[in-house]
Amino acid sequence: MSRIIAFVNQKGGVGKTTTTVNLSAALAEIGKKILLVDCDPQGNATSGLGINKSTLTKTIYDILINNVEAKYALQMTNYGVTVLPSKIALAGAEIELVSLIARESRLRNALEPLRKDFDYILIDCPPSLGLLTINSLTAADSIIIPIQCEFYALEGVTQLMDTIELVKSSLNPLLAIEGIVMTMYDSRTKLSQQVVEDVKKHFGYLVYDNLIPRSVRIAESPSEGKPVIIYDRKSKGSEAYLNLAEEVINRGN
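Now for a quick tour of the structure. The structure presented is a predicted model; accordingly, all values stated were derived computationally and were not measured.

Along its length, the protein carries 11 helices and seven strands. For 253 residues, the compact-globule formula gives about 18 Å, and the C-alpha radius of gyration of the protein, at 17 Å, lands near that figure. For the protein, the residues scored as buried account for 54% of the 253 residues in total. As displayed, the protein offers around 11,300 Å² of accessible surface, 51% of which is attributable to carbon and sulfur atoms. For the protein, the centre of its 26 positive side-chain charges and the centre of its 28 negative side-chain charges are spaced 2 Å apart.

Okay, helix H7 (residues 157-170) next. Counted at 1.5 Å a residue, the expected span for H7 with its 14 residues is 20 Å, and the 20 Å between its end C-alpha atoms agrees. Buried within H7 are the following residues: Val157, Leu160, Met161, Thr163, Ile164 and Val167. Viewed along the axis of H7, the buried residues span an arc of 160°, placing them on a single side of the element. Of the exposed residues in H7, the ones pointing more than 90 degrees away from its buried face are Thr158, Asp162, Leu166 and Ser169. Buried residues along H7 sit against helix H6 (131-139), strand E6 (142-148), strand E7 (176-183) and helix H8 (190-203).

Positive phi values are uncommon outside glycine, yet Asn67 reaches one of about 60°. In this structure, Tyr152 takes a positive phi of about 65° despite not being glycine. Structurally, the position occupied by Tyr152 is in the loop between E6 and H7. In this structure Tyr152 comes out as exposed when scored by relative accessible area, which is 53%.

The element E6 is largely enclosed, with a buried count of seven among its seven residues. Of the two faces of E6, both are covered, the one formed by Ser142, Ile144, Pro146 and Gln148 as well as the one formed by Ile143, Ile145 and Ile147. With three bridges connecting them, strand E1 (residues 3-7) and E6 associate as parallel partners. From the neighbouring strand, Ala6 faces E6, where its bridge partner is Ile143. Of the pairings in the sheet, the one linking E6 to E7 comprises seven bridges and is parallel in character. What sits directly across from Ile147, in E7, is Met182.

Okay, the packing of helix H1 (residues 16-30) against helix H11 (residues 236-252) next. Running from N to C, H1 and H11 cross one another at 75°; their axes reach a closest spacing of 8 Å. It follows that H1 is roughly perpendicular to H11 by the angle criterion. Touching Thr18, Thr19, Asn22, Leu23, Ala26, Leu27, Glu29 and Ile30 of H1 are Tyr241, Leu242, Leu244, Ala245, Glu246, Val248 and Ile249, all from H11. Split into classes, the residues belonging to the contact of H1 with H11 amount to 10 nonpolar, three polar and two charged.

Cut-off values and rules
Residues numbered from 1 in each chain as written. Predicted model: local features only at pLDDT ≥ 70, side-chain atom pairs only at ≥ 80, totals over all residues. Heavy atoms only, no water. Helix = DSSP H or I, 4+ residues; strand = E, 2+ residues; numbered from the N terminus. Rg over C-alpha atoms; globule rule 2.2 N^0.38 Å. Buried < 20%, exposed > 50% of the residue type's maximum accessible area, 1.4 Å probe, protein only. Areas by Shrake-Rupley, 256 points an atom, 1.4 Å probe, with all protein chains shown as cover. Lys, Arg positive; Asp, Glu negative; His and termini not counted. Charge placed at Lys NZ, Arg CZ, Asp CG, Glu CD. Expected span 1.5 Å × (residues − 1). Arc of directions from axis to C-beta. Contact = heavy atoms within 4.5 Å. Pairing = 2+ DSSP bridges. Axes fitted to C-alpha atoms, helices over the stretch in contact; angles between N-to-C directions. Parallel < 35°, antiparallel > 145°, perpendicular 65-115°, else oblique. Nonpolar A, V, L, I, M, F, W, Y, C, P; charged D, E, K, R; others polar.

Rendered as structure tokens:
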């Protein structure tokens, strides 16, 4: 039975999609069976794994709104990761979900038949706390929160924690925080070091030891539709995500 992990932070630009894509590829490289669920209308995780969104006939929108079985929308990639893709049509789902029965649990119900086929199901959430994110949190066993090593890093985290507690109290009582991953770390700056210290004071053992560096290679790889471990296997970014994958596996055991 797979473990479902949602990657969530309502702040944009924190490396959420980048981490979901690269961690999924790193886990696949280690030998795990991985499904990435792109729940962001921008569809960046979909294109970041080399899938042409313009050719898609079925996406997560059809699963959530039109009751299509998830297996009919799955896309294989060249990197060992299966994708439940997204494109801009998903933007309308926030409004359309409001009137649907069991609107908060539609993703959970859709993913249930797939759990037996994968070791990990990773969900890339949109940078908001709307119904798409609520669906993701309801479906997940746990969450990973990417936090960038920049000023105001913890801004908005309190609101996120309130949302998590709300979901736990009414929709998914077993939801847990899997971990906090620090992104865009620059060892040359005191600011990055200070932010990591502050986040560790706030979250303690939940913060992963492996830090994701600010990296040109990580930034370039989506334009090629490749995870960084394929784009430049010897880069520091590749090493960081492979190490993080090992840490995620070990922490879950």
